[in-house]
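Take a look at the letters that make up each chain.
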Amino acid sequence: MTNSRICTVWGLAASAILLAPIIVIFLIPLTIGVGLDIFDLVGEAPFALALCAPAVFVLVRLVASRAWRASSRPCASAPAALSIGGAEYAPKSIS
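Reading the values: rules and limits
- Residues numbered from 1 in each chain as written.
- Predicted model: local features only at pLDDT ≥ 70, side-chain atom pairs only at ≥ 80, totals over all residues.
- Heavy atoms only, no water.
- Helix = DSSP H or I, 4+ residues; strand = E, 2+ residues; numbered from the N terminus.
- Buried < 20%, exposed > 50% of the residue type's maximum accessible area, 1.4 Å probe, protein only.
- Areas by Shrake-Rupley, 256 points an atom, 1.4 Å probe, with all protein chains shown as cover.
- Patch = residues over 30% accessible without salt bridge, like charges linked within 9 Å, V, L, I, M, F, W, Y side chains within 5 Å.
- Salt bridge = Lys/Arg side-chain N within 4 Å of Asp/Glu carboxyl O.
- 1 Å grid on protein atoms, 1.4 Å probe; cavity = no way out; pocket = protein on both sides within 12 Å on 5 of 7 lines; lining within 4 Å.
- Points joined across faces, edges and corners; volume = space filled by probe spheres on them.
- Nonpolar A, V, L, I, M, F, W, Y, C, P; charged D, E, K, R; others polar.

Colleague: What exactly am I supposed to notice about the overall build of the protein here?
Modeller: When its secondary structure is counted, the protein shows three helices and zero strands. N-terminal to C-terminal, the α/β element order of the protein is α-α-α. Across the 95 residues that make up the protein, the buried fraction comes to 2%. Surface accessibility of the protein: about 8,600 Å² in total, with carbon and sulfur atoms responsible for 74%.

Have a look at this one:
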């Protein structure tokens, strides 16, 4: 019973990994098409922009916050002297 579950989970994971790029490739033109259809149906660009602006603000905020968090992390390869108190700090020798 557990062997079939493991095989099923691995099979679903493999198919999800293989299908994800295809789904993304088709979703991008679909999203652009839906956006252009909204502009065509509404007829007035300012009204359509007012409808789409909140989604754009949310996306920009998410991207900006992720970039800010990534830039605020200290580098893993930074020397200890730079991360503790500046260049004047040097650890004492063992010998």
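Colleague: I would appreciate a short explanation of a nonpolar patch on the surface in the present structure.
Modeller: Together, Leu 19, Ile 22, Ile 23, Phe 26, Leu 27, Leu 30, Val 34 and Ile 38 make up a nonpolar patch on the protein surface, roughly 730 Å² of accessible area in all. Within the element layout of this structure, Leu 27 appears in helix α1 (residues 2-42). For Leu 27, a relative accessible area of 42% gives the class partly exposed.

Colleague: Mind showing me how you'd approach the layout of surface pockets here?
Modeller: Estimated volume of the largest pocket: approximately 300 Å³. Taken together, Thr 31, Ile 32, Gly 35, Ile 38, Phe 39, Leu 49, Cys 52, Ala 55, Val 56 and Leu 59 make up the full set of residues lining the largest pocket. Of all the elements in the fold, those that place two or more residues in the lining of the largest pocket are α1 and α2 (45-72). In terms of residue class, the lining of the largest pocket is built from eight nonpolar, two polar and no charged.

Colleague: Where do I start with the environment of Phe 39 in this structure?
Modeller: Here Phe 39 shows up in helix α1. Residues Phe 39 and Leu 49, spaced ten residues apart in sequence, show a C-alpha to C-alpha distance of 8.4 Å.

From the geometry alone we can't say anything about function, so treat these as descriptive.
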